[in-house]
Amino acid sequence: MGKHALLKQILEEGQVGERFTARGWLRSHRGSKAVSFLVLYDGSTMKTLQAVLPTDTPGYEEVAHQLTTGASVVVEGVLVESPGKGQRVELKADKVAVLGVADADTYPLQKKGHSMEFLRSIAHLRARTNVFGAVFRVRATLAQATHRFFGDRGFHYVHTPIITASDCEGAGEMFEVKATSTKDHFFGRQAMLTVSGQLNAEALAYGLGQVYTFGPTFRAENSNTSRHLAEFWMIEPEAAFYDIHDDMDLAEAYLKALITAVFEHNADDIDFLGKFVDKQLVQTLESTRDQTFERITYTDAVDILTKAKREWEFPVSWGIDLQSEHERFLAEEHFKRPVMITAYPKEIKAFYMFNNDDDKTVAALDVLVPRIGEIIGGSQREHRLDRLESRITADGMALEDYSWYLDLNRFGAVPHAGFGLGFERAVMFCTGMTNIRDVVPFPRSVGQAAF
Ligand code: ATP
Ligand code: MN
């Protein structure tokens, strides 16, 4: 028996002459009369291990017909230098067993080059493809890198509720939560799935200083766009004693840290995605990592957009909410780098944002990146109780409904700020994938909750 190891370890660290037992699935199999070439993957890496098996190996005859794409196998042998290009070593095998067959007539992932639409219809099997293996490995890296980035900076990871009774955010349509067995409200009042953990995170930041959430978020987005899901993940840092400039510094450093982590841990995946999904991927990521982000005000942005020689689907004037076409133009074409926009008209932003001295704008922050548009939305929060109360009243909302939130700034208020990063948008950005349904294993969006 050889040493059991993940293919990643065998391929990167295995010594020539060492004996290994390799376990995985067949990416492909081709044979000649004398030898059989088995190409194995196991998910640990984009790379495959080639096992070369003489056809006179005892037991080979019996399993030969089962060695088809998708079958799971165990192969034993000795590691040798590979004469083939692009691989350091291969396995000179002398033993093979099939664990699970994958019938060539019915296994749907026979050939390469399936459309994303087709693969979405078999989301339970698509993790077995090269593309989705790469995307989900990058996704895992981004999650780990998020915890490392904030942990290293003294941000405490906190958990905020998924079920909530307040629509404080007004961030969009919500989903209601009901018990199947009771007609009355289970929680004594109407309850919903959270659209953001921000208000709770603010409460925690006033005790813990710097916190971040990383959790599922739900919005009943009724439009079928390639950038919106009904269930997505959001990372929301919140820091006491931060102003809008600290917030921008944090957002820029965080995005750069994500990219650095992907290059460090997923070089093979990025290489593959850059070849087959988005030819510009490496360049876009490198320039985002290496260039300073542009920082402009909303008023500057409107200026640039009105002067641009462009037919906008949504006409631009001071006061409008920027649309995807505007956001992408600024990041992709005008500045050709990420852009951070601040000082938005208060009418189009939430009540909790810090009022600027001009009394027209608030200290909102949107971060726009090429190909995606908005990836982060945030702000410095209004911590001056009188301003907060008058804004809530001006928006036609009742102060009683916000009593606990107002309490936060009734006692020990300090300037503070935070933001929300849409995790799937970050995965799209780092993989070159163009549809948000293809960066989450089992997407939930309007009309779709299969698997
Ligand atoms: P958009 O204008 O793109 O709909 P938003 O302004 O409504 O986004 P925010 O409330 O600012 O979004 O949420 C913070 C971040 O969460 C956004 O910048 C985006 O990256 C992400 N996000 C928001 N809605 C969705 C969604 N439905 N699916 C996936 N990610 C989302
Ligand atoms: Mn936003």
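Counting restarts for each chain, with residues numbered from 1 along the sequence as it is written. Chain letters and ligand numbers both follow the written order, the letters beginning at A and the numbers at 1. Whole-chain, interface and lining totals are the exception, using all residues; otherwise, since this is a predicted model, local features are given only for residues with pLDDT of at least 70 and side-chain atom pairs are given and counted only at 80 or more. Water and hydrogen atoms play no part in the side-chain values, which are based on all heavy atoms of the structure.

Asks: Where do I start with the site of ligand 1 in this structure?
Replies: Definition of nearness: a residue and a molecule or strand are near each other if at least one heavy atom of the residue lies within 4 Å of the molecule or strand. With respect to spatial proximity, 15 residues lie near ligand 1, and among them H228, L229, E374, I375 and R425 are the closest. Polar contacts here mean pairs of N or O atoms no more than 3.5 Å apart (in protein, one a potential hydrogen donor and the other a potential acceptor; neighbouring residues in sequence count only if both atoms are side-chain atoms). Take L229: an N or O atom from its main chain is 2.9 Å from a nitrogen atom of ligand 1. The separation between an oxygen atom of ligand 1 and a polar main-chain atom of I375 is 2.9 Å. Expressed as a share of its isolated accessible area of 590 Å², the protein-covered part of ligand 1 is 82%. Going along the chain from the N terminus, every DSSP run of H or I of four or more residues is numbered as a helix, and every run of E of two or more is numbered as a strand. Of all the secondary-structure elements, those providing two or more residues to the shell around ligand 1 are strand 11 (231-240), strand 15 (373-380) and strand 16 (416-422). Looking at which element gives the most residues to the shell around ligand 1, the answer is strand 15, with four residues. Class assignment for the residues of the shell around ligand 1 results in six nonpolar, four polar and five charged. Per-residue accessibility takes into account occlusion by the displayed protein chains alone, with areas from the Shrake-Rupley method and a 1.4 Å probe. Amino acids outside the nonpolar list (Ala, Val, Leu, Ile, Met, Phe, Trp, Tyr, Cys, Pro) and the charged list (Asp, Glu, Lys, Arg) are all regarded as polar, and Gly is one of them.

Asks: Help me out: how do you make sense of the packing of helix 8 (residues 281-290) against helix 13 (residues 423-431) in this one?
Replies: Packed helix pairs are specified by the crossing angle of their axes together with the interaxial distance, meaning the distance between the axes. At a closest axis distance of 8 Å, the pairing of helix 8 and helix 13 adopts a crossing angle of 115 degrees. Within the contact between the two elements, helix 8 uses L281, T284, L285 and T288 and helix 13 uses F429, C430 and T431. For helices, the fitted line uses only the C-alpha atoms of the stretch in contact; every axis is such a line through C-alpha atoms, and the angle between N-to-C directions lies from 0 to 180 degrees. The contact rule is simple, with two residues in contact once any of their heavy atoms fall within 4.5 Å.

Asks: Please explain the sheet that holds strand 7 (residues 156-157) as it appears in this structure.
Replies: Remark on secondary structure: sheet strands pair via backbone hydrogen bonds, oriented parallel or antiparallel. Overall, mixed pairing links the eight strands, which are arranged 7-10-11-16-15-14-13-12 in an open sheet. Every other strand in the sheet has two partners, leaving strand 7 and strand 12 (294-297) as the edge strands with one partner each. By definition, two strands form a pair when at least two bridges between them are found by DSSP. Across two bridges, strand 7 lies against strand 10 (residues 210-218) in parallel orientation. Across the sheet, Y157 pairs through a bridge with Y212, a residue of strand 10.

Asks: Just to check I follow, could you spell out the pairing of strand 13 (residues 339-345) for this structure?
Replies: Strand 13 sits mainly inside the fold: seven of its seven residues count as buried. As judged from the four bridges shared by strand 12 and strand 13, these two strands associate in the parallel manner. Bridged to E294 within strand 13 is V339. Strand direction decides the pairing type here: strand 13 and strand 14 (residues 361-369), joined by six bridges, are antiparallel. For I341, the partnering residue across the bridge sits in strand 14 and is D366. With a 1.4 Å probe rolled over the protein chains alone, any residue whose accessible area is under 20% of its type maximum counts as buried; one over 50% counts as exposed, and the rest are partly exposed.

Asks: What am I meant to see in the packing of aromatic side chains here?
Replies: Geometrically, a pair of aromatic rings is defined through the distance of the ring centres and the angle of the planes. Only rings of Phe, Tyr and Trp enter the pairing, Trp through its six-membered ring, and a pair is recorded when the two centres are within 6.5 Å. The plane angle decides the type: under 30 degrees is stacked, over 60 is edge-to-face, the rest tilted. Inspection of every chain in the model, using the stated rule, returns 22 aromatic pairs. Pairwise contacts between aromatic rings join F149, F150, F155, Y157, Y212, Y242, Y254 and F419 into one cluster. Its guanidinium or amino end placed over the ring of F37, R30 lies 4.4 Å from that ring's centre, counting from NZ or CZ. For a ring to carry a charge above it, either NZ of a lysine or CZ of an arginine must fall within 6 Å of the ring centroid while also lying within 35 degrees of the normal to the ring plane. When the ring centre of Y344 is taken as reference, the NZ or CZ atom of K349 above it lies at 4.3 Å.

Asks: Can you help me understand the side chain of E90 in this one?
Replies: If you trace the backbone, E90 turns up in strand 6 (residues 89-100). Within this scheme the basic residues Lys and Arg register as positive and the acidic residues Asp and Glu register as negative, but His and the chain ends are omitted. Salt bridges are defined as contacts in which a side-chain nitrogen from Lys or Arg sits within 4 Å of a carboxyl oxygen from Asp or Glu. Of the side chains with opposite charge, R30 lies nearest to the buried E90, which makes no salt bridge, at 8.0 Å. At a separation of 3.2 Å, a polar atom in the side chain of E90 contacts the side chain of Q50. Within the local environment of E90, its side chain forms a polar contact with the side chain of S82, the two groups lying 3.0 Å apart. Excluding residues that lie within four positions of it along the chain, E90 makes contacts with L49, Q50, V52, V78, L79, V80, E81, S82 and P83.

Asks: Help me out: how do you make sense of helix 7 (residues 267-276) in this one?
Replies: Spacing of three or four residues puts side chains on the same side of an α-helix, whose turn is 3.6 residues. Taken as a whole, helix 7 has its buried residues at D269, I270, F272, L273 and G274. Looking at the buried side of helix 7, the elements it contacts are helix 4 (130-152), helix 6 (244-265), helix 8 and helix 13.

Asks: Got a minute to help me understand the pattern of salt bridges in this structure?
Replies: Pairs can form between side chains of opposite charge once their charged atoms are near each other. Scanning the entire structure with this criterion turns up 25 salt bridges. The partner of D268 in a salt bridge is K47, and the shortest N-O contact between them spans 3.2 Å. Placement of the pair is D268 in helix 7 and K47 in the loop between strand 3 (35-41) and strand 4 (49-54), with a sequence separation of 221 residues. A relative accessible area of 35% means that K47 is categorised as partly exposed.

Asks: In this structure, what is going on with the packing of helix 4 against helix 6? I would like to understand it.
Replies: Where helix 4 contacts helix 6, the axes come no closer than 9 Å and their chain directions differ by 135 degrees. Judged on the interaxial angle alone, helix 6 and helix 4 are oblique. Seen along the crossing, helix 4 lies across helix 6 with a hand that is right-handed. Residues V138, T141, L142, A145, T146, R148, F149 and F150 of helix 4 touch helix 6, and the partners they reach there are L250, A253, Y254, A257, L258, A261, V262 and H265. When grouped by side-chain class, the residues that make up the contact of helix 4 with helix 6 number twelve nonpolar, three polar and one charged. Orientation is classified from the angle alone, with under 35 degrees giving roughly parallel, over 145 giving roughly antiparallel, 65 to 115 giving roughly perpendicular, and any other angle giving oblique. In this scheme, a crossing is called left-handed if the near helix is turned counterclockwise away from the far one by less than a right angle; it is called right-handed if the turn is clockwise.

Asks: How do you make sense of the environment of L91 when you look at a structure like this?
Replies: If you trace the backbone, L91 turns up in strand 6. Judged by relative accessible area, L91 falls into the buried class, the value being 0%.

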